[in-house]
Amino acid sequence: MSAFAAVILVSLGFVAGWSFSQGFGWDRISGGVPVEETRSEQPPPARDPVLPDEDVEGADIEDLPRYPGSVRIEYIRQDQGELIWTEAEFLTAASLDEVREFYRDTFREQDWSVNDIEFRQQSWIFFVVKGEREVFVELSTRGDIVEIDLEQTEPNPEPPGKEQTTPEQTGAPSAQDFGGGYHDDFDDLDDYSNDFDD
């Protein structure tokens, strides 16, 4: 008989759980206000970048011309001590394949060495080197627009001056380096060490 009672209890638990999951059990039992499901609208799709009419102030990277007809949307040049970091970003309405072929041809024509190439998430990424100049070239699609991001590092022609200090002493520092040497405060070592024995 206890097996029969267990089956009945499991069945009742199943029915109660199903009722609650369907949304009408809890409100009826608790006397609460029915909860209405609300569906949020889908967010609007991301808008594609719009090609500006003219370039922002800046310059192109030497021996790495912009794609013909592209528009410069960002230019940053920073002195980072021994290096100069430059970023130039462009937008164009050309296809990703057209832009990629243009830069592949440019690398060959301008004697850039392609040291790394990668394709991920609709982007081509090239790491090219010419002399002491290194450039990351990233070509990405943004809807119908292609974004061209060029980041260059090159040696600073005028690196900050380094102070050349020649040490006067090559061994361990002397007592004179720390203000003199003998101090009257510690003239009796026994008195000093007794302070720490307590």
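Conventions adopted
- Residues numbered from 1 in each chain as written.
- Predicted model: local features only at pLDDT ≥ 70, side-chain atom pairs only at ≥ 80, totals over all residues.
- Heavy atoms only, no water.
- Helix = DSSP H or I, 4+ residues; strand = E, 2+ residues; numbered from the N terminus.
- Buried < 20%, exposed > 50% of the residue type's maximum accessible area, 1.4 Å probe, protein only.
- Areas by Shrake-Rupley, 256 points an atom, 1.4 Å probe, with all protein chains shown as cover.
- Core = buried A, V, L, I, M, F, W, Y, C linked by side-chain atoms within 4.5 Å.
- Contact = heavy atoms within 4.5 Å.
- Phe/Tyr/Trp six-rings, centres within 6.5 Å; stacked < 30°, edge-to-face > 60°.
- Salt bridge = Lys/Arg side-chain N within 4 Å of Asp/Glu carboxyl O.
- pLDDT = per-residue confidence, 0-100.
- Pairing = 2+ DSSP bridges.
- Polar contact = N/O pair within 3.5 Å; in protein donor to acceptor, adjacent residues only side chain to side chain.

An unreviewed UniProt entry lists the protein chain under the name Peptidase propeptide and YPEB domain, with Rubrobacter radiotolerans as the source organism.

A. Quick look at the overall build of the protein chain. In terms of regular secondary structure, the protein chain is built from 4 helices and 6 strands. For the protein chain, the sequential pattern of α-helices and β-strands runs α-α-β-β-α-β-β-β-β-α. For the protein chain, the residues scored as buried account for 24% of the 198 residues in total. On the protein chain, roughly 15100 Å² of surface is accessible, and the fraction owed to carbon and sulfur atoms is 51%.

B. Geometry of the nonpolar core. Leu-64, Tyr-103, Val-137, Leu-139, Ile-148 and Leu-150 are the most contacted members of the largest nonpolar core, which has 20 residues in total. By residue number, the principal contributor to this core is helix H3 (residues 96–109), which donates 4 residues. Other than its neighbours up to four places away in sequence, Ile-148 contacts Tyr-67, Ala-88, Glu-89, Phe-90, Thr-92, Val-99, Tyr-103, Glu-138 and Leu-139.

C. Region of the structure containing the packing of aromatic side chains. Enumeration according to the criterion identifies 7 aromatic pairs in this entry. Centre to centre, the rings of Tyr-103 and Phe-107 are 6.3 Å apart; their planes meet at 40 degrees, and the pair counts as tilted. With Tyr-103 and Phe-107 both in helix H3, this residue pair falls 4 residues apart, about one helical turn. With a relative accessible area of 0%, Tyr-103 lands in the buried category. Phe-107 gets classed as buried once you look at its relative accessible area, which sits at 2%. Between Phe-127 and Phe-136, the ring centres sit 4.8 Å apart and the planes meet at 40 degrees, which makes this aromatic pair tilted. Each member of the aromatic cluster is reached from another via a ring pair, and the members are Tyr-67, Phe-102, Tyr-103, Phe-107, Phe-119, Trp-124 and Phe-126.

D. Local environment of the pattern of salt bridges. Tallied over the entire structure, the rule returns 12 salt bridges. Note that Arg-100 is salt-bridged to Glu-101, the shortest N-O span being 3.0 Å. Residue Arg-100 is classed as buried on the basis of its relative accessible area, which comes to 18%.

E. The confidence of the model for the protein chain, seen in detail. Looking at the protein chain, the pLDDT average stands at 76 and 57% of residues meet or exceed 70. In the predicted structure, residues 163–189 sits below a pLDDT of 50 and forms 7 contacts with residues beyond four places in sequence or in another chain.

F. Region of the structure containing the pairing of strand S6 (residues 145–155). For S6, the tally of buried residues reaches 8 of 11 residues, placing the bulk of the element in the interior. Here 9 bridges tie strand S5 (residues 133–142) to S6, and the two strands are oriented antiparallel to one another. Within S6, the position partnered with Val-137 by the bridge is Leu-150. Linkage of S5 to S6, two consecutive antiparallel strands, is achieved through a turn of 2 residues, within which Gly-143 is found at a positive phi near 70 degrees.

G. The arrangement of unusual backbone geometry in detail. Not every positive phi belongs to a glycine, and Asp-63 is a case in point at roughly 65 degrees. Mapped onto the elements of the fold, Asp-63 is located in the loop between helix H2 (25–30) and strand S1 (71–79). Not every positive phi belongs to a glycine, and Asp-111 is a case in point at roughly 60 degrees. Residue position: Asp-111 is located in the loop between H3 and strand S3 (113–120). When its relative accessible area of 61% is taken as the criterion, Asp-111 is described as exposed.

H. Examining the side chain of Thr-86 more closely. Mapped onto the elements, Thr-86 comes out in strand S2 (residues 83–92). With a relative accessible area of 1%, Thr-86 lands in the buried category. At 3.1 Å, the side chain of Thr-86 forms a polar contact with the side chain of Arg-77. Excluding its chain neighbours within four sequence positions, the residues that come into contact with Thr-86 are Tyr-75, Ile-76, Arg-77, Leu-150, Glu-151, Gln-152 and Glu-154.

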